[in-house]
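# Structural characterization, general
Residues per chain are reported as follows:
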Amino acid sequence: MSKIPVYKPFIDEQERKNVLDCLDTGWISSLGKYIPMFEQQFADYCGKKYGVATSNGTNALHMALKSLAIGVGDEVVVPALSFIATTNAVLYTNAKPIFVDSEMETWNIDPSLIENKITKRTKAIIAVHLYGQPVRIKLIKSIAKKHGLFLIEDAAEAHGAECNGKKVGSYGDISCFSFYGNKVITTGEGGMCLTNDRKVYEKLRMLRDHGMSKTVRYWHPEMGYNYRMTNIQAAIGLAQLKKIDMFIQNKRQIATWYDRELADVPGIVLPPRTKWAKSVYWLYSILITPECRIGRDGLMKKLHDCGVDTRPLFIPNHRMPYIIMKNHDRFYVAETLSKTGINLPSYPMLTEKEVKYVAACIKKYCR
Ligand SMILES: *Cc1c(COP(=O)(O)O)cnc(C)c1O
């Protein structure tokens, strides 16, 4: 076991109390008071009307696409660089993911490259806010509007981050979140779709519950799924939500410590920082340039020996063996980020002393 992990959730008496309430009252499945409470309070927090909680973030993305009737023959624009769930959700619907390169300024999808990829078959854009740093969502929203496309936000890594003064997740037709164990807030496994559209909301609820009619029991007008969240998960989520401001404040503090310690280290590029957005630094991440002689993988090994756990950045999704691309697009920025990036320990209770220790290990080997 590493001395300093990349992540560990912070759980206290509030989660324990809520979970025990579920156990003591018997409401342990997907009915119970905590589910609508968590949905409403999380939707309020993000600035959307309706929330539909799900069993995980991948299902939230899949259900979002299905609720917009996206399927065979359709194309969905996605960033080449994301966690694989973004692309897989598109594949589950039998639509085609259309990959777009990243930009160095945000490490997210480069909006200037999107319009070139739009065809008559394009139905939606999934904008992902990677590692807590918002994508240029206003620009992407205007592109979506101009071409009559749906906008889905994948905000699984950016709960509470802000873009032009508004929370991420407030921009998309549907916004999807994950509450996996290492996300900004967690329910163990879990996810949520947010929307302002009443019809979409009802459709999502139906898809989540086997596609069952609201009025006729055991009548299923279309094929749905079992993507429900349990009351126990929601009970944990509600307790986590009470602490979200503290988590984010801590994570921003951790980022300023890392920034300070690593600012002048040769071979290290600090994470994106833009005037129009406020990152939540889900995972504080750096790039390793050739100036750091031992290279990205070498540095990760040395950090491991120091007892510091790290992760490489994601691998661009188009590289996976089961993904077939007819054209031969190259994604230079996504590839560069993927080959040179490291996620550093970023859990909300990380101390200044620990950050200094991590930075000292990096400095020792990057000179
Ligand atoms: C975590 C994550 C998801 C999926 O969430 P799960 O809850 O693990 O299914 C989707 N997209 C991104 C960008 C993520 O980081």
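Residues numbered from 1 in each chain as written. Predicted model: local features only at pLDDT ≥ 70, side-chain atom pairs only at ≥ 80, totals over all residues. Heavy atoms only, no water.

Scanning the entire structure with this criterion turns up 13 aromatic pairs. Ring geometry for F38 and F42: centres 6.1 Å apart, planes at 40°, overall tilted. Of this pair, F38 and F42 both sit in helix α2 (residues 34-46), four residues apart, roughly one helical turn. There is no split in this pair, since F38 and F42 are both buried. Each ring, one from Y131 and one from W282, has its centre 6.2 Å from the other, and the planes form 10°; the classification is stacked. Here Y131, found in the loop between β4 (122-128) and α5 (137-146), pairs with W282, found in the loop between β11 (277-278) and β12 (285-288); they are 151 residues apart in sequence, far enough to count as distant. An aromatic cluster of at least three residues, connected via ring pairs, comprises F38, F42, Y45, F177 and F179. Across from the ring centre of Y171, 4.7 Å away, lies the NZ or CZ of K166, which sits over that ring. Across from the ring centre of Y218, 5.5 Å away, lies the NZ or CZ of R217, which sits over that ring. (Phe/Tyr/Trp six-rings, centres within 6.5 Å; stacked < 30°, edge-to-face > 60°. Helix = DSSP H or I, 4+ residues; strand = E, 2+ residues; numbered from the N terminus. Buried < 20%, exposed > 50% of the residue type's maximum accessible area, 1.4 Å probe, protein only. Lys NZ or Arg CZ within 6 Å of the ring centre and 35° of its normal.)

On to the nonpolar core, then. Soluble globular proteins: nonpolar side chains tend toward being buried together. Formed by 100 residues in total, the largest nonpolar core has its most connected members in F38, F42, L262 and L344. Residues in contact with F38, not counting those within four places in the same chain, are F179, I185, T187, M192, M229, A234, G237, L238 and L241. Formed by 16 residues, the second largest nonpolar core is a distinct cluster that contains A127, I137, I140 and L149. (Core = buried A, V, L, I, M, F, W, Y, C linked by side-chain atoms within 4.5 Å. Contact = heavy atoms within 4.5 Å.)

Near the ligand there are 15 residues, and of these G57, T58, E157, S178 and K183 occur at the shortest range. E157 places a polar side-chain atom, nitrogen or oxygen, 2.5 Å from an oxygen atom of the ligand. Contacts to the ligand include S178, whose side-chain N or O atom sits 2.7 Å from an oxygen atom. Contact with the protein chains covers 92% of the free accessible surface of the ligand, which is 380 Å². Looking at the shell around the ligand, the elements that each hand over two or more residues are α3 (57-67) and α4 (84-92). (Near = heavy atom within 4 Å. Polar contact = N/O pair within 3.5 Å; in protein donor to acceptor, adjacent residues only side chain to side chain. Areas by Shrake-Rupley, 256 points an atom, 1.4 Å probe, with all protein chains shown as cover.)

A few words on the state of the cysteines. If you walk through the whole model with that rule in mind, you get one disulfide. C292 shares a disulfide with C366; S-S distance 2.0 Å. Here the S-S torsion is close to -70°, and the disulfide linking C292 with C366 is therefore left-handed. Taken together, the residues span a long stretch of sequence, with C292 in the loop between β12 and α9 (295-305) and C366 in the segment after α11 (352-365) at a distance of 74 residues. For C366, a relative accessible area of 1% puts it in the buried group. Residue C46 stays outside any disulfide, its sulfur separated by 12 Å from that of C176, the closest cysteine. Under the relative-accessibility criterion, C46 is labelled buried at 2%. (Disulfide = S-S within 2.5 Å.)

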